[in-house]
Structure formats: C-alpha cells, structure tokens
Amino acid sequence: MARAQGLGKRYIKAFFKGFFVAVPVTVTFLDRVACVARVEGASMQPSLNPGGRQASDVVLLNQWSIRNYDVQRGDIVSLFILLADLNTRQREAGGDESDIKMDLSLSKSPRNPEQKIIKRVIALEGDIIKTIGYKKKYVKVPHGHIWVEGDHHGHSFDSNAFGPVSLGLLHARATHILWPPQRWQKLQPMLPPERKPLQREQE
C-alpha cells in the first residue's frame, strides 16, 4: 500500500513538472512561431470570407516567417493597430469611426488591447504607388514601411486611409486557410495587376 502511494506521488509530481514546462513552451509558440485566428468582415473578399457564406475563415498566422520583416508584394499579413490611433487617423481623414469597427478583420484577443487587421502587401519601401482616395494621388513608400490594402476596395480601412504602415507593426503572415474544411488551402502571394507599383525599388 505504501509503495502504491509512493508511486502515485511520483506520477503526480512528474505530471505537474511536465505541465509547468509545457505551458511556457506553448505560450512561447503562440507568441513567436504561429497561431490561428478567425477572419471577420468583408475587407479581404473574395480571398477570405467569400460573399454569401455564413462561416468565417480561420487562418494560420506564421509569426516566425516575418521575424526579420521579410515580406513580399502580394503577401497577406496581419498587423498590430491601436484602436485609438485608428480613430484619430480616421477623424483626420474626415471619415466615420464606425467604418473602423466594421473592418477589424481579426477577432480580438481579450489579453491584448491592440487590434489586429489583415491586409495584402501592395508595395514595399521605395515603391511608388498610385493610391485610391488617399490625400496624395501618388506615394513613395518610406524606408521601413509597407503599403497594405484589402482586396475588397471600398469596404476596407487600409493604407488608402491611414497611409504607409511601419514594418514594426507586422504581426504575422497568413499562410493557410484552415477552416472550414472545404476552404482548406495554402495562401500564395498574389498582387492584383491593377495594383502593381508604378515604380519598384531595386531588389
């Protein structure tokens, strides 16, 4: 009996030791390597959440792949955006703050006061882009910035409203649609022909 109790205590001790090791590893994985997120809204249609469907796409966000800010034109990326900053920029642009609330593209984490939006990279630093409704008709993307847009023009709050985005706000690259099952696919970089930069920086 005493031997059985001793074995039981050892198993419990080993379980808790393994548990407390596993939890930090899981947190690190979610913070640094990859996570999943549900896409909300219509700003990335038809690539994500195609019209007429009730269920939202769930995507895999690869954080490790952009650890050195290595993105290319056509990538779909998620970005950290402070809601207060978005409200300020929208007011400065003469827009309605309700437009922002309709275009918070990734479900919010209760642990994180920052919102995440998901957009397509249209231009890199040094590129010259023709804008759609921005205060300047043409913009040269500054060093350390990218130009991002939603695929559904007119239903997306993006660089055409708030300008170039700092690379430091990059969160992850969307690499796969995981759910629903019939939508499972790898997301390939794709740049709409009509949104190609007028002049590209030498690569």
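A quick note: this is a predicted structure, and the numbers were derived from the prediction, not measured. (Residues numbered from 1 in each chain as written. Predicted model: local features only at pLDDT ≥ 70, side-chain atom pairs only at ≥ 80, totals over all residues. Heavy atoms only, no water.)

(A) Fine view of the overall build of the protein chain. Summing up its helical and strand segments, the protein chain has four helices and 10 strands in all. The secondary structure elements of the protein chain, listed N-terminal to C-terminal, are α-β-β-β-α-α-β-β-β-β-α-β-β-β. Looking at the 203 residues of the protein chain, the share that counts as buried comes to 41%. Expressed as a percentage of contacts within the protein chain between residues at least 6 apart in sequence, the contacts between residues at least 24 apart total 67%. (Helix = DSSP H or I, 4+ residues; strand = E, 2+ residues; numbered from the N terminus. Buried < 20%, exposed > 50% of the residue type's maximum accessible area, 1.4 Å probe, protein only. Contact = heavy atoms within 4.5 Å.)

(B) Just unusual backbone geometry, in detail. For the bond from Gln-45 to Pro-46, the omega torsion is 5°, close enough to zero to count as cis. Tracing the sequence through the fold places Pro-46 in the loop between β1 (34–38) and β2 (58–62). In this structure, Tyr-69 is a non-glycine residue whose phi angle is positive, near 60°. Here Tyr-69 shows up in the loop between β2 and β3 (76–81).

(C) Highlighting the pattern of salt bridges. Scanning the entire structure with this criterion turns up six salt bridges. Linking Asp-127 and Arg-73 is a salt bridge whose minimum nitrogen-to-oxygen distance equals 2.8 Å. Linking Asp-127 in the loop between β4 (115–123) and β5 (128–130) with Arg-73 in the loop between β2 and β3, this pair joins segments that are 54 residues apart in sequence. One salt bridge in this structure joins Asp-75 and Arg-173, with 3.0 Å as the shortest N-O distance. Of the two residues, Asp-75 sits in the loop between β2 and β3 while Arg-173 sits in strand β9 (residues 170–179), which places them 98 residues apart along the sequence. (Salt bridge = Lys/Arg side-chain N within 4 Å of Asp/Glu carboxyl O.)

So far we have only geometry, and geometry alone does not tell us how the molecule works.
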